[in-house]
Amino acid sequence: MSTIADNLSTLGARINAAAQASGRAPSAIRLLAVSKTKPAAAVREAFAAGVRDVGENYLQEALNKQAELTDLPLTWHFIGPIQSNKTRAIAEHFDWVHSVDRLKIAQRLSEQRPDGLEPLNICLQVNVSGEASKSGCTPEELPALAQAIAALPRLRLRGLMAIPEPTDDRAAQEAAFARVRQLQASLDLGLDTLSMGMSHDLEAAIAQGATWVRIGTALFGARDYGQQ
Ligand SMILES: *Cc1c(COP(=O)(O)O)cnc(C)c1O
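The following refers to the structure shown. (Residues numbered from 1 in each chain as written. Predicted model: local features only at pLDDT ≥ 70, side-chain atom pairs only at ≥ 80, totals over all residues. Heavy atoms only, no water.)

## Observations concerning unusual backbone geometry
Threshold: Working definition: helices are DSSP H or I runs of at least four residues, strands are E runs of at least two. Numbering for both runs from the N terminus. Working definition: with a 1.4 Å probe on protein chains only, accessible area under 20% of the residue-type maximum means buried, over 50% means exposed, and in between means partly exposed.
Phi at T37 takes a positive value of approximately 70°, unusual for a residue other than glycine. Relative to the helices and strands, T37 resides in the loop between β1 (30–34) and α2 (40–49). We note that D188 has phi near 55°; this positive angle belongs to a residue other than glycine. Classification of D188 as exposed rests on a relative accessible area of 68%.

Listed below in structure tokens is the structure:
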């Protein structure tokens, strides 16, 4: 069985190779370690290996892990579906939210972001897979939504996030990520972040401009939802 440190070094090599293949600086691509269903001890091990950014999908699970890891200087990212009644805790306990897909949620996050903290970094989740996905705003909704969110005082709109329909076809992966990149460029808001690419498609995402790749399985191993 490989350790988290081994997996991280393999991932670093994948990211470097993908960056090089598309003429990008490896340092332009950051790794977000997605630790959903994994214990705090696994995050601690990842930290020891060099991970600094952690992504979580479920609020209560994330808060429990944060409470066990207060001694580590980690940056926490919320990447899961957001219910209105969870926005206050998200605004208080995270530095990034990648999964904003409607204005009401963004407004609440802005109102509830504590004054003493930096503005909350936001990625707007866009659905580039049509019917196949339930989360994310549509490409048609995106321009007005991005404008409105960019104007909220306690948020900093950084870019777009997408989870395209899974496929093993590299050309199809790249087409979906290219769509996200083009949508972002068409907003003309000076955004600097593209959160796209997971364990199985990070190479295609990097080829199309990803700045955060969100990696769970390839770092921590397969998830066992039965343990939840
Ligand atoms: C679980 C999850 C990931 C990580 O997926 P892997 O395929 O395990 O790398 C990335 N992004 C989001 C939004 C997720 O929910």
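Continuing now.
## Details of the nonpolar core
Put simply, the rule reads: To qualify as a nonpolar core, a set must consist of buried Ala, Val, Leu, Ile, Met, Phe, Trp, Tyr and Cys residues joined through side-chain atoms within 4.5 Å. In what follows, a contact means two residues having at least one pair of non-hydrogen atoms within 4.5 Å.
Among the nonpolar cores identified, the biggest contains 66 residues, and L109 and L219 are the most heavily contacted of them. At 6 residues, helix α1 (residues 4–21) tops the list of elements feeding residues into this core. Sequence-distant contacts of L109, that is, excluding residues within four places in its chain, are made with T87, I90, A91, V97, V100, L120, I122 and L155. Core analysis: the second largest hydrophobic core is formed by 7 residues, L32, W96, C123 and W212 among them.

## Side note on the site of the ligand
Quick reminder of the rule: Each residue is tested against the molecule or strand, and it is near if at least one of its non-hydrogen atoms lies within 4 Å. Polar contacts, as used here, are pairs of N or O atoms within 3.5 Å; protein pairs need one atom able to donate a hydrogen and one able to accept it. Residues neighboring in sequence count only if both atoms are side-chain atoms. Under the convention used here, a 1.4 Å probe and the Shrake-Rupley method define accessible areas, while residue burial counts only the protein chains that appear. Residue classes follow a fixed rule: Ala, Val, Leu, Ile, Met, Phe, Trp, Tyr, Cys and Pro count as nonpolar, while Asp, Glu, Lys and Arg count as charged, and any other residue, Gly among them, counts as polar.
Lining the immediate environment of the ligand, one finds V34, K36, N57, I79, I163, M198, S199, R214, I215, G216, T217 and R223. K36 is positioned with one of its side-chain polar atoms (N or O) 2.6 Å from an oxygen atom of the ligand. In this structure, an oxygen atom belonging to the ligand sits 2.7 Å away from a side-chain N or O atom of R223. Alone, the ligand offers 390 Å² of accessible surface; in the complex the protein occludes 91% of this. Across the shell around the ligand, the residue classes break down as 5 nonpolar, 4 polar and 3 charged.

## Structural notes on helix α6 (residues 142–150)
Stated precisely, the cut-off is as follows: For this quantity, the arc is that covered by the directions from the helix axis to the C-beta atoms.
Residues L142, L145, A146 and I149 constitute the buried set of α6. Relative to the axis of α6, the buried residues are bounded by an arc of 100° and lie together on one face.

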